[in-house]
Amino acid sequence: MKSINYWTFEESLNEAIETLLFKCRSADSGLGSKFSNIDYGGAIARLLYTSAHNDDLLRRYFERIVEGGGKPLWALVPSDLSALARELLPIWGASSTVVIGIPTKRQLHRYLFYFPWLLNIWILLKRLMNPSLYSSNVLKVDPSILCFAHHKKFVGLIRPIASKTGSRYAFLVRDKRQQALLDLRDDEVVYLSSSPYQQIKSGFKSKWPDVLNLASRFDNILFKIKPKMLIYCEGDAWPQDLFAHTGKKNLIPSICMQWGAYPSSRPRIGFRHMGCTAFLTWGDYFGDQLKSYNTETQFISVGHPGLQLGLPEKINRRIIFLLNTDPNGKVTGLDAFHEQFWALLQWVAENADGWEIIVRMHPMIPLSIAERDLLSRFKCIQLHDPANKTLMESLNKCDLALTVSSSSVIEAAACGVIPFILNPAPWSFKPEFYAHRAGFEFDNVPLAIERLKALMLNPGDLLEIRGNLIEFRKKLFLTVGDSALNNIVAAINSLIISSKAGRN
């Protein structure tokens, strides 16, 4: 997909999901219906978003239509995307195309949920084959705060915060394998029960029984342990939204903590209609971006607990590349810019004489063998793995942080490292560093190279930009470090108290 067309695809996808969600909520059936007082709409919307981004058929139809290849008479799409495709095609200008839903490999897992007796046998066999993975005692602890994290990096953010509240906390995990992956102790886990699945008669049953199943498992564990607060971070994954909405059903408040930023003018569907009671942001700037899309969520600025504000004393001739493009992964759409970004990286490695270059890997996108081979050709490159290098260590004494849309560039700004953004989108990167003369932004590689050439010849020009950055970052971070940690703990405890008062 051509990079400029990716943004058309992205915008049309968000619009179509919003339209579909509204229609189904209005009809009180299918996507937007509530079952047992749990709103599944947000979870399904997020599933539709990621499924559509990963679907080659849908993307192929998009490319054919918008690039002048003609409007097809019919479109074969996965059955779970057929309703969405009927909203998308008219946006693309193919309103007369007939959509035909077909079963796909992705649906095979869901088919298991159509037959509860078969699913229950499968669960039993899993337990018999791997008894060491499952706990006979689901309730290892009785927490007041129940946390949800699907990656070790999120545990690293949540654990010190939950510990400081003074309340007993635990993380919800599937089994002992996930506990080990998240590096959690036995005294800080609650196992998600694989209770026998009961077939549910609902508008969702035909296409989304797996969502209903997870919701019932969440509901079961929340009813048993009755925590006072649910905590998770980032917020755009469908299980997180389902976790929050199940909490609402049980009158349990939930807090989502900011992880990363939202680089486009309009946030993607995962950051709209969020189910959390409160969303804790690094600063007012980020809350202002999301408020109009989340009218039922309270936004509280608390700061960033993992940062210390920095200001390099001089120009160190040190550049960091913050990787986040994936040639195979289409969930973020950054595959469209993969070659451009790596072309820029290679040019810098070949031409930045006297400059030190750091390439920091993305914690969830591994480098390919070819990429590692390319990087190994350059002695000036240091490869930093997040598994053994903190972000602060990587950013130390850097002058420029180059990326496509990695939110780590926001944290780089906190350290006084000037953002240098390759942004082929038809709108400015958010926050708008360039507009405040606090960073650089280019929509193509040749222009980016021209500016880098000038900076390498006259690195002292960065000093003025750095001064502007220090002023602009005041809007991004209310505070940092221990002060932010204390703010988060205060917000959590305050919400617990107010929620308890409301129930009484």
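The structure this text deals with has already been given above.
Residues numbered from 1 in each chain as written. Predicted model: local features only at pLDDT ≥ 70, side-chain atom pairs only at ≥ 80, totals over all residues. Heavy atoms only, no water.

> Even after reading the chapter, I still don't get the pairing of strand S3 (residues 74-78), so can you show me in this structure?
Residues in a regular strand project their side chains so that they alternate between the two faces of the sheet. Here five bridges tie S3 to strand S4 (residues 98-102), and the two strands are oriented parallel to one another. Its bridge partner being in S4, Leu-76 is matched across the sheet by Ile-100. (Pairing = 2+ DSSP bridges. Helix = DSSP H or I, 4+ residues; strand = E, 2+ residues; numbered from the N terminus.)

> Please clarify how the packing of aromatic side chains should be interpreted in this entry.
Geometrically, a pair of aromatic rings is defined through the distance of the ring centres and the angle of the planes. Scanning all chains against the criterion turns up 18 aromatic pairs. With a centroid separation of 5.6 Å and 80 degrees between ring planes, the pair formed by Phe-433 and Phe-472 is classed as edge-to-face. Placement of the pair is Phe-433 in the loop between strand S16 (418-422) and strand S17 (440-442) and Phe-472 in helix H17 (residues 462-472), with a sequence separation of 39 residues. The two residues Phe-433 and Phe-472 agree in class, both being buried. (Phe/Tyr/Trp six-rings, centres within 6.5 Å; stacked < 30°, edge-to-face > 60°. Buried < 20%, exposed > 50% of the residue type's maximum accessible area, 1.4 Å probe, protein only.)

> Would you explain the sheet that holds strand S15 (residues 400-403) in this entry?
Neighbouring strands of a sheet are bound in pairs by backbone hydrogen bonds; such pairs are parallel or else antiparallel. Spatial strand order, S14-S13-S12-S15-S16-S17: six strands in an open sheet with parallel pairing. Each having just a single partner strand, strand S14 (381-384) and S17 make up the two edges of the open sheet. Across the sheet, the mean angle from the axis of one strand to that of its neighbour is 20 degrees, orientation sign disregarded. When strand S12 (residues 318-322) meets strand S13 (residues 356-360), the two strands line up parallel, connected through five bridges. Paired with Ile-319 across the bridge in S13 is Ile-357. Most of the contacts of H17 go to S16, to which it runs at about 100 degrees, and overall it touches S15, S16 and S17. (Axes fitted to C-alpha atoms, helices over the stretch in contact; angles between N-to-C directions. Contact = heavy atoms within 4.5 Å.)

> Hey, could you run me through the pattern of salt bridges in this one?
When the charged atoms of two side chains with opposite charge come close together, those side chains can pair. On inspection of all chains with the given rule, the structure shows 16 salt bridges. The partner of Glu-432 in a salt bridge is Lys-430, and the shortest N-O contact between them spans 3.2 Å. According to the relative accessible area criterion, Glu-432 is partly exposed, its value standing at 27%. Across the pair Glu-450 and Lys-453 runs a salt bridge whose closest N-O atoms are separated by 3.5 Å. Placement of both Glu-450 and Lys-453 in helix H16 (residues 445-457) is noted, with a separation of three residues, approximately one turn of the helix. Take Glu-450: its relative accessible area is 47%, and that puts it in the partly exposed class. Residue class for Lys-453 comes out partly exposed when judged on its relative accessible area of 38%. Within the structure, one salt-bridge network assembled from shared partners comprises Arg-159, Arg-185, Asp-187 and Glu-188. (Salt bridge = Lys/Arg side-chain N within 4 Å of Asp/Glu carboxyl O.)

> Looking at this structure, how should I read H16?
Because the α-helix completes a turn every 3.6 residues, residues three or four places apart line up on one side. Between its terminal C-alpha atoms H16 stretches 18 Å, which fits the 18 Å expected from 13 residues at 1.5 Å a residue. The inward-facing, buried residues of H16 abut S12, helix H12 (338-351), S15, S16, S17 and H17. N-cap assignment for H16: the residue whose side-chain oxygen lies 2.9 Å from the backbone N of Leu-447 is Asn-444. (Expected span 1.5 Å × (residues − 1). Polar contact = N/O pair within 3.5 Å; in protein donor to acceptor, adjacent residues only side chain to side chain.)

> Help me understand the packing of helix H3 (residues 56-66) against helix H4 (residues 82-92), please; the structure alone is not making it clear to me.
Angle between the axes and distance between the axes are the two parameters that describe a pair of packed helices. Between H3 and H4, the least distance of the axes is 10 Å, while the angle of their chain directions is 15 degrees. For the element pair H3 / H4, the angle class is roughly parallel. The interaxial crossing formed by H3 with H4 has right-handed handedness. When H3 is examined against H4, the residues Leu-58, Tyr-61, Phe-62 and Ile-65 are found in contact with a partner set consisting of Ala-85, Leu-88, Leu-89 and Trp-92. (Parallel < 35°, antiparallel > 145°, perpendicular 65-115°, else oblique. Left-handed = near helix turned anticlockwise from the far one by under 90°.)

> So what exactly am I meant to see when it comes to the packing of H12 against H16 here?
Relative orientation of the contacting elements H12 and H16 amounts to 25 degrees, with a least axis distance of 10 Å. If you check the angle between H12 and H16, you find them roughly parallel. In this structure, H12 meets H16 at a crossing whose hand is right-handed. From H12, Gln-340, Leu-344, Trp-347, Val-348 and Asn-351 reach across to H16, where they touch Val-445, Ala-448, Ile-449, Leu-452, Lys-453 and Met-456. When the residues that make up the contact of H12 with H16 are grouped by side-chain class, the tally is eight nonpolar, two polar and one charged. (Nonpolar A, V, L, I, M, F, W, Y, C, P; charged D, E, K, R; others polar.)

> How should I be thinking about the nonpolar core in this particular structure?
The nonpolar side chains of a soluble globular protein tend to be buried with one another. In this structure, Leu-84, Leu-242, Leu-400, Ile-410 and Phe-433 are the most contacted members of the largest nonpolar core, which totals 129 residues. If near-sequence neighbours (up to four positions away) are discounted, Leu-242 is found in contact with Ile-38, Tyr-40, Ala-43, Val-211, Leu-214, Ala-215 and Phe-218. Membership of the second largest hydrophobic core comes to 30 residues, among which are Ile-145, Tyr-169, Leu-184 and Ile-492. (Core = buried A, V, L, I, M, F, W, Y, C linked by side-chain atoms within 4.5 Å.)

> Help me out: how do you make sense of the pairing of S15 in this one?
Along S15, one buried face is formed by Leu-400 and Leu-402 and the opposite face, lined by Ala-401 and Thr-403, is buried too. In the sheet, S12 pairs with S15 via three bridges, with the strands oriented parallel. Within S15, the position partnered with Ile-320 by the bridge is Ala-401. Bridge count for S15 against S16 is four bridges, and the pairing is parallel.

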